[in-house]
Protein chains: 2
Amino acid sequence: MDRSDLIAVSRGERPADFVIRNARVVNVFSGELEETDVAFFDRWVAGLGTDYEGEREIDVGGRYLVPGLIDAHVHIESSLATPAEFARAVLPRGTTTVISDPHEIANVHGLPGIHYMLGASEGIPLSVMVMASSCVPATDMATAGAALHAEDLRQLRSHPRVLGLAEVMNFPGVIHGDPEVAAKLDAFRDRPIDGHAPGVSGKPLNAYAAAGPSTDHECTSAQEALEKLRRGLFVLFRDATNARNLGDLLPILTPITSRRIALCTDDRQPPDLLDQGGIDSMVRAVIQAGVDPVEAIRLATLNPAEHFRLHDRGAVGPGRRADFFLVGSLIDLEVEQVYAGGKLVAQGGAALPFPAAAAGSPPEPSMDIDWSRVSFRVPAKEGEIRLIRAIPDQIVTGSERLIPTIRDGTVIADPDRDILKIAVVERHLGSGRVGVGFVTGVGLDSGALAGTVAHDHHNLIVIGAEDASMLAAARRVAEMGGGLCVARGERVLASLPLPIGGLMSPEPIEEIRRRLDRVVQAARDLGSDLHDPFMAMSFLGLEVIPKLKITDRGLVDVEAFQFVDLWT
Amino acid sequence: MDRSDLIAVSRGERPADFVIRNARVVNVFSGELEETDVAFFDRWVAGLGTDYEGEREIDVGGRYLVPGLIDAHVHIESSLATPAEFARAVLPRGTTTVISDPHEIANVHGLPGIHYMLGASEGIPLSVMVMASSCVPATDMATAGAALHAEDLRQLRSHPRVLGLAEVMNFPGVIHGDPEVAAKLDAFRDRPIDGHAPGVSGKPLNAYAAAGPSTDHECTSAQEALEKLRRGLFVLFRDATNARNLGDLLPILTPITSRRIALCTDDRQPPDLLDQGGIDSMVRAVIQAGVDPVEAIRLATLNPAEHFRLHDRGAVGPGRRADFFLVGSLIDLEVEQVYAGGKLVAQGGAALPFPAAAAGSPPEPSMDIDWSRVSFRVPAKEGEIRLIRAIPDQIVTGSERLIPTIRDGTVIADPDRDILKIAVVERHLGSGRVGVGFVTGVGLDSGALAGTVAHDHHNLIVIGAEDASMLAAARRVAEMGGGLCVARGERVLASLPLPIGGLMSPEPIEEIRRRLDRVVQAARDLGSDLHDPFMAMSFLGLEVIPKLKITDRGLVDVEAFQFVDLWT
């Protein structure tokens, strides 16, 4: 099947593989709903018009035919599932392409981690595009399992699914012209470069945009988003499990600005993916906010396709990929059938079975901890300590100060004051390094949570009401080769093994969700009232998102981009 | 000067080369007018904001600062001037980038012709981007001076100013999957491919779009333009000297469709360029039709920049090229100063002097005619002949039939019936081949016009009231090594030498214009009331624009894409 066969179908000389009759096509080029038939051949749209004949003909009785949705930025690892299982979750809801940044597994396993994600998504019905992970490690303030330099990233350019450079989170490095960061930007200057510049404004924003990044998905206010859009950044509205910004940013969406905006989920956990969906949930929210449905759909089709130079998709047009779905209503957008590359891939909310990817095996677990050197003890001193404040549904944190609770010469967690201990145990090199601090807003009365999902270094992160529970939870996680765990005293209450990089499970996503629900419930039973305490915990170690974070090397003041002492 | 210096200026650590204070920036990203200062460094915009310091500071007192305009499609050869002289005409009016197709000179001289245009535009202040000429020759129904195959065009891909494949005019070849055309499309499938599909609609349009072209600039009605836009073609509104379509197409421009639309001049002769301008005249016309000025400016800035993947320009934003102009009013758009790459390049309507391009010499003239074999005689027969009807300000023609005027056994021109003889003399190979036909709508009472500007084969084309004048005019053109000429009897009334390919003069554009005005006036004095009879004549040989055209090989029915006999 080559393009000359397609053209023969388009001009009507050869029958289409199938023709969908009586569709209302969402035409994202013209902004119209077009009542017409559509002919398909092989993996392409052959043509629109009412006089095509096909080997098969399907009358859809006026249903809307919508271009397949594109998630403009997602870390598949946050689904805790393999790419194929992630696909099974998002395909039935109309997502046919994702632009992914595999920087979670890259921080654990380096280039072999990225190649695992490419292999594990090869040939599956979801188009998994990859941006080359730019910040491995995110900074030198945390210990990751690997480091990727410009020359490593250059090797990825020739892969047909690698589009550009992934979010350049080291924004101070970008703004101050750090040579290592500049070399990575130079390696991708002719490609899309994703940005990440939370709260950056004024001259630093000019510097960030001048350096090369072309998108930003970290805006938390309309004002911030509008300034970035004015400076030429393509703005991605985000609704991640733990960072819901869409509602705050929607006011900047107008018919004039909309072409410079797309939608992304960034990080979504299995319950969100299975209950709310992927990017479809954001399109639905935009429509329900009163935006014209065709305009809303553009945000997740033509806009990201154009920006990421995916000129073979993003619309239902001749010669483009036959990626589309059918719905009865453009208001509730309940997806009935989904086609990808001309094949029916999901129906009635469920993905059809597809052959396994051409995956290699995942890399061996990275879990090297010398427990004899691990201690969570914090000797007492005089004065105030810095305290991380977790903010519900945000990945930014607050930074506070208070006089800690002291017992027997050590600083202890004090659940009555909502002060918990947080520790990050280095797990890649066996250094025995542990960063210890304190956090409020998580809300455990007793026990501890531990996990190897800790953006982006993915060391072993632990939060607890006392050290014994913390150690028990942490050691169980290590024994599982990575995962999530809740313990009280020496007793493990619930656990979810994530042996692929300490980030992903090989199980079906529904099974992962069941086990995740159990660990989350166990954490809630211990007193946390966060939507997902594990998701919240996983961002408390991310030293590129303000304000106060913790890594295996210590507390980080993100705005100053430097370590600070626990004691003020 | 590298990008790290730029970033230092952007973040305010190093002074800008110059700062423009008190500007109202046309922000094509947000659609706003932004009152701010703008800092510039080297060839770039460093930043927007009111607290930059510069080596020089220029207060523009609230003038509008507009991104440099981009002509989305132009054949520079139609200016009859070299690229540098073309630049002197368009720069002072705000055009800083043109996307050119050198297919006129390519049809005469092949790859050396394209390399001449690249060399002659290297380093001049106008950015001359090049699309690789796809249709050399346009078809096999005319004799060109060269043929470019897919492998020839592939060689051009590595040139930094070659963006993609130029207008694929052989639309029947595209639609029917002609292997030679398909090979050219395949060679540029990852790049923008300009289309050219006049009047193509329905299934053939689906086939055309499926084959790969991503633009069209041949629409003559709003309905045609809207259908093409719906099928995913990026539509270029054109106002060429002899093809003014903007007014007819403007009705499809809405805030929803506008991102899929840009503006182009295609072919403009010196009087138009010097009196009306380049793409600026179209922006002005769009504004005067009532469109929001920022939206109108987007059509000639951000839109073509995005489509042609010129991500370093098309807006005033940090890190983009400092290509911009200053105006006091967004209604009349009278350009006061123009900057390109950070340098003042025009002021008060005149280009500042700039060093000559790094040009090689133009190729030797292609002018090989065996006059002993040239005859314009048409033996009489019974019945009707086909007659080309020239249509004012259009490059499409009508096709009519009538009983011709016959004298002494030959068909003769009959100015009283507005029937003139038209001939195309092959000039590249010395074949002696002459195509002879008849035309109405040109309106000479006596004498003849001849020229070597005859799209796209650029053979020697002649129109006259009798054979002696035709021969005198044609021979004078050949003696000049190409050009335009008006003769009556044996007397040459006016002439313009165009020795570069028979298409361009090395003279200043003002001088070319003076001589062109004289040949046009001489043609008008002979009775033609066309705006520019030479421009009209130059398209009567273009066998890819409907309906009836003539080449050295004979009359062409363009809709049938085949030769037809003079006699019906």
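Here the residue numbers are simple positions, counted from 1 along each chain's written sequence. Here the convention is simple: chains get letters from A, ligands get numbers from 1, in the order in which they are written. Restriction of local features to residues with pLDDT of at least 70 applies here, the model being predicted, together with a cutoff of 80 or more for giving and counting side-chain atom pairs; totals for whole chains, interfaces and linings are based on all residues. Side-chain numbers here rest on the full set of heavy atoms in the structure, without hydrogens or water.

Let's talk about the pairing of strand S5 (residues 64–67) of chain A
Residues and elements named next belong to chain A.
Thinking step 1. In S5, alternate side chains face the same way, and those of Tyr 64 and Val 66 on one face and Leu 65 and Pro 67 on the other are all buried.
Thinking step 2. Both strand S1 (residues 16–27) and S5 contribute to a ladder of two bridges, which runs parallel. Considered in S5, the bridge of Arg 24 is made with Tyr 64.
Thinking step 3. Note: two strands are recorded as paired if DSSP finds a minimum of 2 bridges between them. Each helix is a run of DSSP H or I of at least 4 residues and each strand a run of E of at least 2, with the numbering of both proceeding from the N terminus. Bridge count for S5 against strand S15 (residues 324–327) is four bridges, and the pairing is antiparallel. Residue pairing in the sheet places Leu 65 in a bridge with Leu 326 of S15. Exposure is judged per residue with a 1.4 Å probe applied to protein chains only, and the accessible area is read against the type maximum: over 50% gives exposed, under 20% gives buried, and values in between give partly exposed.

Observations regarding the interface of chain A and chain B
Thinking step 1. By definition in these notes, contact holds between two residues if any of their heavy atoms fall within 4.5 Å. Listed as interface residues are 49 residues of chain A and, on the opposing side, 49 residues of chain B.
Thinking step 2. In this description, buried area is defined as the sum, over both parts, of the accessible area (probe of 1.4 Å) that is lost when the two are combined. Summing both sides of the interface, chain A and chain B together bury roughly 4,400 Å²; the carbon and sulfur share of this comes to 50%.
Thinking step 3. Salt bridges, as used here, are contacts in which a Lys or Arg side-chain nitrogen is within 4 Å of a carboxyl oxygen on Asp or Glu. Run the count over chain A and chain B and you get eight salt bridges.
Thinking step 4. With a shortest N-O distance of 2.6 Å, A:Glu32 and B:Arg230 are connected by a salt bridge.
Thinking step 5. N or O atoms closer than or at 3.5 Å make up a polar contact, with two conditions inside protein: a donor-capable atom paired with an acceptor-capable one, and, for residues adjacent in sequence, both atoms drawn from side chains. Run the count over chain A and chain B and you get 26 residue pairs in polar contact (both at pLDDT 80 or more).
Thinking step 6. Of all the elements in the fold, those that place two or more residues in the side of chain A that touches chain B are helix H1 (3–10), strand S2 (32–41), strand S3 (44–48), helix H6 (171–175), helix H8 (202–211), helix H9 (222–230), helix H13 (293–298) and helix H14 (302–307) of chain A.
Thinking step 7. Among the elements that line the side of chain A that touches chain B, the one with the most residues is H8(A), at six residues.
Thinking step 8. Residue classes follow a fixed rule: Ala, Val, Leu, Ile, Met, Phe, Trp, Tyr, Cys and Pro count as nonpolar, while Asp, Glu, Lys and Arg count as charged, and any other residue, Gly among them, counts as polar. Residue composition of the side of chain A that touches chain B, grouped by class: 18 nonpolar, 14 polar and 17 charged.

A word on H1(A)
Residue and element names in this part refer to chain A.
Thinking step 1. Where burial is concerned, most of H1 is hidden: six out of the eight residues are buried.
Thinking step 2. Residues of H1 that are buried: Arg 3, Leu 6, Ile 7, Ala 8, Val 9 and Ser 10.
Thinking step 3. Note on H1: the residue one or two positions beyond its end, Gly 12, has a positive phi of about 90°.

As for the confidence of the model for chain A
Thinking step 1. Confidence of the prediction at every residue is given by pLDDT, a number between 0 and 100. Looking at chain A as a whole, the pLDDT averages 96, with 99% of positions reaching at least 70.
Thinking step 2. Predicted complex metrics record ipTM = 0.92 and pTM = 0.93.

Focus on the relation of the copies chain A and chain B
Thinking step 1. The fit set for superposing copies consists of C-alpha atoms from residues with pLDDT of at least 70 in both; the fit itself is least squares. Structural alignment of chain A on chain B gives an RMSD of 0.0 Å, achieved by rotating through 180° and translating 0.0 Å along the axis. Taken together, these values place the two copies in the relation of a two-fold axis. Using C-alpha coordinates, one finds that chain A approaches the rotation axis most closely at A:Pro255, a distance of 3.1 Å.

As for the state of the cysteines
Residue and element names in this part refer to chain A.
Thinking step 1. What counts as a disulfide here is a pair of cysteine sulfur atoms lying within 2.5 Å. A complete count under the given rule lists zero disulfides over all chains for this structure.
Thinking step 2. In this model Cys 219 remains outside any disulfide bridge; the closest cysteine sulfur is found in Cys 264, 10 Å from its own.
Thinking step 3. Among the residues examined, Cys 219 registers a relative accessible area of 0% and is labelled buried.

What to know about the pattern of salt bridges
Thinking step 1. Tallied over the full model, the rule gives 66 salt bridges over all chains.
Thinking step 2. Taking the shortest distance from any N to any O, the salt bridge between B:Glu306 and A:Arg260 comes out at 2.5 Å. Within this pair, whereas B:Glu306 is found in helix H14 (residues 302–307), its partner A:Arg260 is found in the loop between helix H10 (246–249) and strand S14 (261–264), the two belonging to separate chains.
Thinking step 3. Looking at B:Glu306, the relative accessible area reads 25%, which means it is partly exposed.
Thinking step 4. Accessibility expressed as a relative area gives 4% for A:Arg260, which makes it buried.
Thinking step 5. A salt bridge links A:Glu295 to A:Arg298; its shortest N-O distance comes to 3.7 Å.

Quick word on the sheet that holds strand S9 (residues 162–168) of chain A
Residue and element names in this part refer to chain A.
Thinking step 1. Pairing in this open sheet of five strands is parallel, and the strands run S6-S7-S8-S9-S10 from one edge to the other. The outermost strands of the open sheet, each flanked by one partner alone, are strand S6 (69–74) and strand S10 (193–195). Going from strand to strand, the sheet's axes swing by 30° on average, the running direction of each strand aside.
Thinking step 2. Pairing of strand S8 (residues 127–132) with S9, which is carried by three bridges, proceeds in the parallel orientation. The partner of Ala 132 across the bridge, within S9, is Leu 165. Under this scheme, a helix contributes an axis fitted over its contacting stretch, all axes are lines through C-alpha atoms, and angles between N-to-C directions fall in the 0 to 180 degree range.

Things to note about the nonpolar core
Thinking step 1. Residues A:Phe237, A:Leu460, B:Phe237, B:Leu263 and B:Leu460 are the most contacted members of the largest nonpolar core, which totals 339 residues.
Thinking step 2. Apart from residues lying up to four places away in sequence, B:Leu460 is in contact with B:Ile369, B:Trp371, B:Ala423, B:Val424, B:Val425, B:Arg427, B:Ala450, B:Gly451, B:Thr452, B:Ala474, B:Val477 and B:Ala478. Throughout, nonpolar core names a set of buried Ala, Val, Leu, Ile, Met, Phe, Trp, Tyr and Cys residues whose side chains join them through atoms within 4.5 Å.

Focus on the sheet that holds strand S28 (residues 491–497) of chain A
In a beta sheet, neighbouring strands are held together by backbone hydrogen bonds and run either parallel or antiparallel to one another.
All names here are of chain A.
Thinking step 1. Within the open sheet, the eight strands sit side by side as S20-S19-S24-S23-S26-S25-S27-S28. Their pairing is mixed. Of all strands in the sheet, those bounded by a partner on one side alone are strand S20 (397–402) and S28. Geometrically, the sheet is characterised by an average inter-axis angle of 25° between neighbouring strands, direction not taken into account.
Thinking step 2. Bridge count between strand S19 (residues 385–390) and S20: six bridges; the pairing is antiparallel. Residue Arg 389 lies in a different strand from S20, and its bridge partner there is Gly 398.
Thinking step 3. In the packing of helix H15 (residues 467–479) onto the sheet, contacts are made with strand S23 (420–425), strand S25 (448–451), strand S26 (460–464), strand S27 (483–488) and S28, and the angle to S27 comes to roughly 150°.
Thinking step 4. On the sheet, helix H16 (residues 509–525) packs against S25, S27 and S28 and is oriented at approximately 150° with respect to S28.

Some details on the side chain of A:Thr215
All names here are of chain A.
Thinking step 1. Mapped onto the secondary structure, Thr 215 falls in strand S11 (residues 215–216).
Thinking step 2. Classification of Thr 215 as buried rests on a relative accessible area of 0%.
Thinking step 3. Within the local environment of Thr 215, its side chain forms a polar contact with the side chain of Asp 194, the two groups lying 2.5 Å apart.
Thinking step 4. In this structure, Thr 215 is in contact with Ile 193, Asp 194, Gly 195, His 196, Leu 233, Phe 234, Leu 236, His 307 and Phe 308, ignoring residues within four places of it in sequence.

Thoughts on the packing of aromatic side chains
Thinking step 1. Here a pair means two rings of Phe, Tyr or Trp (six-membered ring of Trp) with centres within 6.5 Å. Their orientation is stacked below 30 degrees between planes, edge-to-face above 60, and tilted elsewhere. Applying the stated criterion across every chain yields a total of ten aromatic pairs over all chains.
Thinking step 2. Between A:Phe40 and A:Phe324, the aromatic rings sit 4.7 Å apart at their centres with planes inclined by 15°, giving stacked as the arrangement. Pair noted here: A:Phe40 is in strand S2 and A:Phe324 is in strand S15, with a separation of 284 residues, a long-range link.
Thinking step 3. Residue A:Phe324 is classed as buried on the basis of its relative accessible area, which comes to 1%.
Thinking step 4. Ring geometry for B:Phe324 and B:Tyr339: centres 4.6 Å apart, planes at 10°, overall stacked. Of this pair, B:Phe324 sits in strand S15 (residues 324–327) while B:Tyr339 sits in strand S16 (residues 335–340), placing them 15 residues apart in sequence.
Thinking step 5. For B:Tyr339, a relative accessible area of 5% puts it in the buried group.
Thinking step 6. Criterion for a charge above a ring: Lys NZ or Arg CZ within 6 Å of the ring centre, and within 35 degrees of the ring normal. A cation over a ring is seen here: A:Arg157 above A:Phe188, with NZ or CZ 5.6 Å from the ring centre.
Thinking step 7. It is A:Lys203 that lies over the ring of B:Tyr52; its NZ or CZ is 4.9 Å from the centre.

Looking at empty space enclosed by the protein
Residue and element names in this part refer to chain A.
Thinking step 1. Only protein atoms enter the calculation, which uses a 1 Å grid: trapped sets of points that fit a 1.4 Å probe without letting it out are cavities, open sets showing protein on both sides within 12 Å along at least five of seven lines are pockets, and any residue with an atom within 4 Å of a point is a lining residue. Grid points are joined across faces, edges and corners, and a volume is the space filled by probe spheres set on the points. Using the criterion set out here, one finds 13 cavities of 30 Å³ or more in the structure.
Thinking step 2. Approximately 80 Å³ is the volume attributed to the largest cavity.
Thinking step 3. Here the residues of the lining of the largest cavity sort into five nonpolar, four polar and seven charged.
Thinking step 4. Computed from the structure, the second largest cavity encloses a volume of approximately 70 Å³.
Thinking step 5. His 75, Glu 167, Asp 267, Phe 539 and Leu 542 are the residues nearest the centre of the second largest cavity, which is lined by 17 residues in total.
Thinking step 6. Per-class residue counts for the lining of the second largest cavity are five nonpolar, five polar and seven charged.

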